[in-house]
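Geometric and topological summary
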Amino acid sequence: MMAERVQPPPAKRLCCRQGFGATCRQGQRAAGALCGGSAAAQGEPSRTQSPESLLDIAARRVAEKWPFQRVEERFERIPEPVQRRIVYWSFPRSEREICMYSSFNAGGGGVGEEVGSGGESADETRLPFRRGIALLESGCVDNVLQVGFHLSGTVREPATSSEPELLCNVSVSFDRCKITSVTCSCGNKDIFYCAHVVALSLYRVRKPEQVKLRLPISETLFQMNRDQLQKFVQYLITVHHTDVLPTAQKLADEILSQNSEINQVHGAPDPTAGASVDDENCWHLDEEQVQEQVKLFLSQGGYHGSGKQLNLLFSKVREMLMMRDSNGARMLTLITEQFMGDPRLALWRQQGTTMTDKYRQLWDELGALWMCIVLNPHCKPEQKAAWLRQLRRWNGVDVCPLEDGNHGSELINLTNALPQGPAGNPDSLTRPHRTVFTRAIEACDLHWQDPHLQHIITEDHYNNYCYHDNLDGSLFDSRGWPLWHEHVPTACARVDALRSHGYPKEALRLAIAIVNTLRRQQQKQLELFRCHKKELLHRGVTSVTNLEGWVGHPLDPIGTLFATLMETGRGRDNGAALDFSGSSSSCRRTENPVCTPLPFLEDGETFVSLAVETALIGLGQQRVMPDGLYAQEKVCRNEEQLLAKLQEVDLDDTLVKILRKQATLLLEAGPYGGLGEILYRESVPMHTFAKYLFTSLLPHDAELAYRIALRAMRLPVLESTAPSADLSRPQHIVSVVPNRYPRWFTLSHIESQQCELASTMLTAAKGDPCKLHTVLESIQKNIHSSSHIFKLAQDAFKIATLMDSLPDLTLLKVSLELGLQVMRLTLSTLNWRRREMVRWLVTCATEVGVFALDNIMQNWFTLFTPTEATSVVASTIMSNSTIVRLHLDCNQQEKLANSARTLALQCAMKDPQNCALSALTLCEKDHIAFETAYQIVLDAAATGMNYTQLFTIARYMEHRGYPMRAYKLATLAMTHLNLSYNQDTHPAINDVLWACALSHSLGKNELAAVIPLVVKSVKCATVLSDILRRCTLTTPGMVALHSRRNSVKPMSLDKAPLRQLLDATIGAYINTTHSRLTHISPRHYSEFIEFLSKARETFLMAHDGHIQFTQFIDNLKQIYKGKKKLMMLVRERFG
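What you are looking at is a predicted structure, and each value in this text was computed from that prediction instead of being measured.

Attention now moves to the overall build of the protein chain. Within the protein chain, the regular secondary structure consists of 46 helices and nine strands. Out of the 1135 residues belonging to the protein chain, those deemed buried represent 51%. Counting only contacts in the protein chain whose residues sit at least 6 apart along the sequence, the fraction spanning at least 24 positions is 74%. For the protein chain, the accessible area works out to roughly 53,500 Å², and carbon and sulfur atoms hold 53% of it.

This paragraph deals with the nonpolar core. One recurring pattern in soluble globular proteins is that nonpolar side chains are buried together. Membership of the largest hydrophobic core comes to 203 residues, with the highest contact counts inside it found for Leu-762 and Phe-864. In this structure, Leu-762 is in contact with Leu-772, Val-775, Ile-779, Leu-792, Ala-796, Leu-811, Val-814 and Leu-818, ignoring residues within four places of it in sequence. Residues Trp-89, Phe-192, Leu-200 and Ile-335 belong to the second largest nonpolar core, which totals 96 residues.

Note that side chains of opposite charge can pair when their charged atoms are close. Under the criterion given, the structure shown has 47 salt bridges. Its salt-bridge partner being Glu-868, residue Arg-834 comes within 2.8 Å of it at the nearest N-O pair. Of the two residues, Arg-834 sits in helix 31 (residues 834–848) while Glu-868 sits in helix 33 (residues 866–877), which places them 34 residues apart along the sequence. Just as Arg-834 is buried, Glu-868 falls in that class too. As a salt-bridge pair, Arg-965 and Glu-931 come within 2.6 Å of each other at their nearest N and O atoms. Residue Arg-965 is found in helix 39 (residues 963–974), and its partner Glu-931 is found in helix 37 (residues 927–941); the two are separated by 34 residues along the sequence. Residue classification places Arg-965 among the buried residues on the basis of a relative accessible area of 19%. Residues joined in a network through salt bridges with shared partners are Glu-403, Arg-434, Arg-439, Glu-442 and Glu-548.

Summarising burial for strand 5 (residues 178–184): six of the seven residues are buried, a large majority. Across six bridges, strand 4 (residues 166–175) lies against strand 5 in antiparallel orientation. When the sheet's bridge partners are listed, Ser-173 is paired in strand 5 with Ser-181. In this antiparallel pair of consecutive strands, strand 4 and strand 5, the connection spans two residues, and Arg-176 shows a positive phi of 50°.

Turning next to the confidence of the model for the protein chain. Summarising the model, the protein chain shows a mean pLDDT of 82, and 84% of its residues fall at 70 or more. When the elements of the protein chain are averaged for pLDDT, strand 9 (residues 592–593) gives the smallest value, 40, and helix 25 (residues 687–697) the largest, 97. Taken as a whole, residues 573–597 scores under 50 in pLDDT and shows 59 contacts with residues more than four places along the chain or in a different chain.

Another aspect to go through is the packing of helix 13 (residues 327–340) against helix 16 (residues 381–395). Look at helix 13 against helix 16: their axes get within 12 Å of each other, and the N-to-C directions meet at 15°. The pairing of helix 13 with helix 16 is recorded here as roughly parallel in orientation. Crossing geometry of helix 13 relative to helix 16 is assigned as left-handed. Contacts between helix 13 and helix 16 involve Ala-329, Thr-333, Thr-336, Glu-337 and Met-340 on the former and, on the latter, Trp-387, Gln-390, Arg-393 and Trp-394. For the contact of helix 13 with helix 16, the per-class residue count stands at four nonpolar, three polar and two charged.

With that settled, the discussion passes to the sheet that holds strand 4. The five strands are arranged 5-4-3-2-6 in an open sheet whose pairing can be described as mixed. In this open sheet, the two strands that pair with only one neighbour each are strand 5 and strand 6 (212–214). Taking the axes of each pair of neighbouring strands and ignoring which way they run, one obtains an average angle of 20° across the sheet. Here strand 3 (residues 150–157) runs beside strand 4; their pairing, made up of eight bridges, is antiparallel. Within strand 4, the residue paired with His-150 across the bridge is Ser-173. Set on the sheet, helix 3 (residues 80–89) makes contact with strand 2 (141–147), strand 4 and strand 6; between it and strand 6 the angle comes to about 120°. Strands in contact with helix 6 (residues 128–137) are strand 2 and strand 3; relative to strand 3, the strand with the most contacts, it is inclined by about 85°.

Moving on: empty space enclosed by the protein. Scanning the entire structure with this criterion turns up 11 cavities of 30 Å³ or more. Each pocket or cavity is described by its volume, and for the largest cavity that value is around 210 Å³. Along its surface, the largest cavity is lined by 16 residues, and Gln-522, Gln-525, Ile-617, Gln-621 and Tyr-672 are the ones closest to its centre. Considered class by class, the residues forming the lining of the largest cavity number eight nonpolar, eight polar and no charged.

Cut-offs applied
Residues numbered from 1 in each chain as written. Predicted model: local features only at pLDDT ≥ 70, side-chain atom pairs only at ≥ 80, totals over all residues. Heavy atoms only, no water. Helix = DSSP H or I, 4+ residues; strand = E, 2+ residues; numbered from the N terminus. Buried < 20%, exposed > 50% of the residue type's maximum accessible area, 1.4 Å probe, protein only. Contact = heavy atoms within 4.5 Å. Areas by Shrake-Rupley, 256 points an atom, 1.4 Å probe, with all protein chains shown as cover. Core = buried A, V, L, I, M, F, W, Y, C linked by side-chain atoms within 4.5 Å. Salt bridge = Lys/Arg side-chain N within 4 Å of Asp/Glu carboxyl O. Pairing = 2+ DSSP bridges. pLDDT = per-residue confidence, 0-100. Axes fitted to C-alpha atoms, helices over the stretch in contact; angles between N-to-C directions. Parallel < 35°, antiparallel > 145°, perpendicular 65-115°, else oblique. Left-handed = near helix turned anticlockwise from the far one by under 90°. Nonpolar A, V, L, I, M, F, W, Y, C, P; charged D, E, K, R; others polar. 1 Å grid on protein atoms, 1.4 Å probe; cavity = no way out; pocket = protein on both sides within 12 Å on 5 of 7 lines; lining within 4 Å. Points joined across faces, edges and corners; volume = space filled by probe spheres on them.

This is the structure:
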């Protein structure tokens, strides 16, 4: 997992030691001296705790701060012991940075040896740092040698079941306690140092006394005379002749050439001599591998965990910033270049499509990281200028993503405070396009030189007694505590920058000042509203007070404050103190825990309680819903994330007190709070926030909990009318742009949250009729989605009918009322769940009682369609299962039956096509009602009913024992029917055959009356022949209802009415034959011959049928003689 290329580290500078004569070289060092000296000199306290030598103290400070070239230039001669201690102390002494550059997780166990201790997960064991520790502890590191500022050694990778043993040659260059380059022969490529580099580096950190230390190779060579140098070179070439001989010869030729370039330069390069003055002092980072990895992750488009990998890289940048590592900005630059080069950006722009949500979140994090970097309190001016040029270049690229997604409606300038009065109007602002880098570009204009700001972040006891310029009273509150009046997201971006750069105490001080400012502002807004309350309520109009909300903001100000305070409250951060006393580059770091008690907290107040109050202030802010899908989704997501963090906090008495305080302030805040009496039409709804407040306050202050939840139920964006004149109970105020219907892409989610809030209240109000009635009124007034009201009705029904308790009748009635509202809302609209809703309502009404059932039947026309009322509602109510379920007596049953019959007749009159059969069924037990329903059917049969409906009712009549009525309805159905010659599979054929059989069973007269209708309506030969054969099998009237016999023998085919049917059948066969022969294909010849055979059977039923059929066949042969093969088949079969 290593990104290093196997190549020798480049020499950083040319080394030459003038004035160091031969007399100084003799016997100055003994060969083979070890790296360590005394325990104190090695940086590890001995058991006797002997004091550290002055040499080591000085050498360590020089090794940390000075490049070795400056040391050489400053002093003409440096004693070898001094050189050795400087070289010794130049290697990193902490494992923390090594861990950071070799794993995504910087070891929760601390630094030093503790990093490698403790149990770790399977994923952690695969990290290079963990593997490096395992190799070190297994004794796999050998041949470790430090030559000047260069460390080398071999690391043996033990054999596994799938891999042989691997011996890796590792070398590490270092400077000023930072590893500046690494090489390893393992060949693995990754962003991180490989396990072998880790093992060698940790060997040097943990066992410095076992590492042989030599001065830079140039120093050693300088001590040799000519013979020694020649011997040294020849031996070196002999040992490595296959590798270095060509290079050695080339160098020899150049050195022997007086005009060669190599002879024009004084001195020679030494890779072990340390850094030059011009070298940048930073840890080794393989830029090429960073670019390749980011490019690979982006190309995977969010699949294979690439999004998670990119987030881990962003976390690594934050980790570097926390360590004050300059590679943080360098790595982020590399990542940003790859993001800007993503080919999908141009493709999405060309196609007009939006990027994925996860990809957008990555861009947001990119912008936030740049904000942190440019707000580094110790950033040098030239460094900030370079970042600004870079950011402007990216910002100017056409495909650079916009801050709010792909929409152009943007926020005002970062450093400008927002208007807090009613004069603000989002439509009056000009909003230029803003990219994800715009805020970082604007932040480059910010500085940390304000004296008041410096006092806030550097002093624990800074108050108005320490500062004498508080002329307008804006720097301190009435208690003398410092305030910081700056655009809130900008101020919080400063807090985030301080945290990110490792200044948690300073971040905490500024966060407290910001929160105290917010609390003071909240109080002033409340006082302002109280002064103008009557005027505002009378006007009934408001504009939004905050054009940009703090929750869902790109800089996440509330989240930053909350995290800063919570981390302190839980004692997580240890950090450095920040010194602003000197120049912009000065920094003094002292390790002190930030959980030390700080001032500016009220009695009994804690950092946790302050964090909770901050979150409540932010969540309760009345703010306009931003434009664009992504921005709106971000508002919802950010709110839910913040609430999830709040729910993790265990509420104690102090926190409950804060909840009560903030809930009361929100209710009284007017246009400044999202739960105030005056609400801007397009404000972000408070449903999710109110649900948290409701559930948290309910055990402690139920009245306040319900006030909050009921107030939050409002969703004025869906309201189209102005508020009523009753100003004693204001509900919402219309927008200053009433005709504009905003594009709320998250409206469905918002309505779901509104429904969840209502359901929570219903559940809590069980057993309290007064509160249930209040909640019901709120639901009916504020929820406009039928599907959500239906869900609430179902929820209430489930809660009211729990198996472990008696049904709650009040809650059941609430459920029924909601169900009735759903019926009214969906009566005239299409809804795929409508049938389910109707059936559920009947079930609910059944649980409520017989009066509810009677009521919905009496008022059916406001709730149901005629079809629903008869086929579902009345039928279900009159079923045996319902009667048994309700334990009804005879009078109650009769009352329900009367209501059902009245409903049935009304529905039959209104929609006879779909309701007649159900009406007849419901009226069976009442003769008058049944006759009335039958008459309705007859009246509608001539105009409004089709043959299918009439046949169905006719069969029903026969089944009920009314054959003549069935016959009459069947003849009426026949008049509406038309079967063409090729419709031999028509679904009405069975009805026609049944109607003919019914007529035949009733007698000759009835049959004679129906046959002309059949002849007129049916042109299909096979159907007609089937009817003809059935009529000749038995005598008409043989199976009549009264068993009367009209004749002993079957009817003659030569007389009416069968003669007419026979002629029609023969004619149908003739017409069908000609029609089929017009477009017949050879594959249908055999089928056609069978059809002619059936036709012959029908022809032969006539007394002269043989002659007619023969003439018919001869006629076919003449007309279709061109179809030779077919006619040959006809002759073979029929002569």
